[in-house]
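In case you want the letters, here they are:
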Amino acid sequence: MSKITAAITAVGAYVPEDVLTNKMLEEMVDTNDEWITTRTGIKERRILKDPKKGTSYLAIQAAKELLQKSNLDPKEIDLIIMATATPDMPVASTGVHVATQIGATNAFSYDLQAACSSFLYGMSTAAAYIESGRYKKVVVIGADKMSSIIDYTDRTTCIIFGDGAGAVLMEPNNEGLGLQDEILRSDSIGRESLKIEAGGSITPPTEETVAKKLHFVRQDGKTVFKFAVSNMAGVSEQIMKRNNLSNEDVNWLVAHQANKRIIDATANRMGLNDESKVLMNIQRYGNTTSATLPLLLSDFEKNFKKGDNIIFASFGGGFTWGATYLKWAYNS
Ligand code: UT7
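Bear in mind the structure is a predicted one, so any value in this text is a computation, not a measurement.

What counts and how
Residues numbered from 1 in each chain as written. Predicted model: local features only at pLDDT ≥ 70, side-chain atom pairs only at ≥ 80, totals over all residues. Heavy atoms only, no water. Pairing = 2+ DSSP bridges. Helix = DSSP H or I, 4+ residues; strand = E, 2+ residues; numbered from the N terminus. Axes fitted to C-alpha atoms, helices over the stretch in contact; angles between N-to-C directions. Contact = heavy atoms within 4.5 Å. UniProt positions renumbered as here; feature names shortened; annotations may be inferred. Domains from an automatic or database assignment. Buried area = accessible area lost by both parts, 1.4 Å probe. 1 Å grid on protein atoms, 1.4 Å probe; cavity = no way out; pocket = protein on both sides within 12 Å on 5 of 7 lines; lining within 4 Å. Buried < 20%, exposed > 50% of the residue type's maximum accessible area, 1.4 Å probe, protein only. Disulfide = S-S within 2.5 Å.

Student: Help me understand the sheet that holds strand β4 (residues 79-83), please; the structure alone is not making it clear to me.
Tutor: Backbone-to-backbone hydrogen bonds pair the strands of a sheet. The strands run either parallel or antiparallel. One open sheet holds the five strands; their spatial order is β1-β7-β6-β4-β5, and the pairing between them is mixed. Two strands close off the open sheet at either side, each with one partner strand: β1 (5-14) and β5 (108-112). In this sheet, adjacent strand axes meet at a mean angle of 20 degrees when their direction is disregarded. In the sheet, β4 pairs with β5 via five bridges, with the strands oriented parallel. Note on β5: the bridge partner recorded for M82 is D111. The sheet contacts of helix α3 (residues 55-70) involve β1, β4, β6 (138-145) and β7 (163-173), and relative to β1 the element is tilted by about 115 degrees.

Right, dumping it as structure tokens:
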């Protein structure tokens, strides 16, 4: 009997309608379009403006598109892994609400938090369940309402992040397609470099934490940049070597969209001279944290052919990072 592998069999996505451009940010903080474009590659981001709507709203829209595109009856879903750094609430899982709202009444669901690597870690978990034979239909959703944790007076963070969501269906495959290999890592050396200081069990919310703006994301950009380049590029190169993949063999690089310069450095280290293989939508969405990878899959789905070799790469707060080698399973 051939080994069961876990393949992506459908993709859905959602971004909110409201656009926040670099020009608009020029009115809000001391920055300019030229600086943002050359330092990050970002031109605009999407923002979920309705204060009553949280990350679950974004996730539900992405999951609904997935259901509609794949003709999947939500009652057939076994598990929904909700990858997010911005849950609706600290307690009462966002994934549970998403599952109920889309009618996945036979599924169980939970949230998975590993900052910008949440989606890659979620794919790994989904694949393990499928390869073991325990579950057959697992949905992995990456969604973040980053605008809910951004200080729009801080020019070092507000220019980077945006809101969005993407979802994939993972199912067993007996043709050897789907997830082939992965290298996932983490190191708390980055704990102080990218964080929200308050609101957790060490510094619960108080009037003082609110006054000091400790509930927003703060990052030491330079340090994060340095670690992102060396670690994300490192595991991407390593996974190619381990699987005897040359730069010709790799069809697509699906890398976390945090900064165009980090993605370029990773592609360079992998020897990907052909720019068209290096997928990018950072210019339109900025860094959507857990959503960047599935948003790329959704935007470029039409380009993928059955059997294509895709390298996923991510780097995020914690630090968390990784690279995954996946063979695409269908022609769209
Ligand atoms: O997804 C999670 C992982 N996150 C990341 O991967 C982010 C990694 N870091 C980065 O992408 C970059 O470090 C940033 C985009 C955040 C910053 O770019 P940088 O090239 O590292 O700039 P910098 O922090 O070294 O700042 C350079 C200069 C500074 O001025 P001085 O000290 O040289 O006078 C900053 O004050 O640019 C200034 N600056 C800005 N100027 C205009 C910082 N932010 C801005 C801004 N507009 N928004």
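Student: Please explain the side chain of N281 as it appears in this structure.
Tutor: Relative to the elements of secondary structure, N281 occurs in the loop between α9 (260-269) and α10 (282-285). Those residues in contact with N281 that lie beyond four places of it in its chain are Q257, L295, L296 and D299.

Student: I would appreciate a short explanation of the UniProt feature "domain: Beta-ketoacyl-[acyl-carrier-protein] synthase III C-terminal" (unreviewed entry) in the protein in the present structure.
Tutor: Mapped onto the present numbering, the UniProt feature "domain: Beta-ketoacyl-[acyl-carrier-protein] synthase III C-terminal" (unreviewed entry) falls on residues 241-328. Summarising residues 241-328: 28% helix, 23% strand, and an end-to-end C-alpha distance of 19 Å.

Student: What is the right way to read the domain arrangement of the protein from this model?
Tutor: For the protein, the domain assignment lists domain 1 (5-175) and domain 2 (179-327). Taken over C-alpha atoms, the centre of domain 1 sits 14 Å from the centre of domain 2. Across the contact, 54 residues belong to domain 1 and 45 residues belong to domain 2. Both faces considered, domain 1 and domain 2 share a buried interface measuring about 3700 Å² in area, 59% of it formed by carbon and sulfur atoms. Considering only the side of domain 1, the residues that lose the most area to domain 2 are C116, L120 and Y121, jointly responsible for 17% of the buried surface there.

Student: Sorry if this is basic, but what is going on with the UniProt feature "active site" (unreviewed entry) in the protein here?
Tutor: UniProt's feature table lists "active site" (unreviewed entry) at C116, H256 and N287, given in the numbering used throughout. A compact arrangement is adopted by the annotated residues: their sequence extent is 172 residues, whereas the largest C-alpha distance between any two is 8.8 Å. Lining residues of the largest pocket drawn from the annotated set just named are C116. Inspection of the secondary structure assignment puts C116 in the loop between β5 and α5 (118-131). We classify C116 as buried; its relative accessible area is 8%. Setting aside anything within four residues of it in sequence, one finds C116 in contact with H256, N287, T289, S314, F315, G316 and G317. Looking at the secondary structure, you find H256 in the loop between β11 (252-255) and α9. Owing to a relative accessible area of 3%, H256 belongs among the buried residues under this scheme. In contact with H256, not counting residues within four places along its chain, are C116, M232, I263, N287, T289, T292, L293, A313, S314 and F315.

Student: Just checking my understanding: could you explain the state of the cysteines for this structure?
Tutor: Such a bond, covalent and formed between the sulfur atoms of two cysteines, is termed a disulfide. If you walk through the whole model with that rule in mind, you get zero disulfides. The structure places no disulfide on C158, whose sulfur is separated from the nearest cysteine sulfur, that of C116, by 16 Å. Assessed through its relative accessible area of 1%, C158 is described here as buried.

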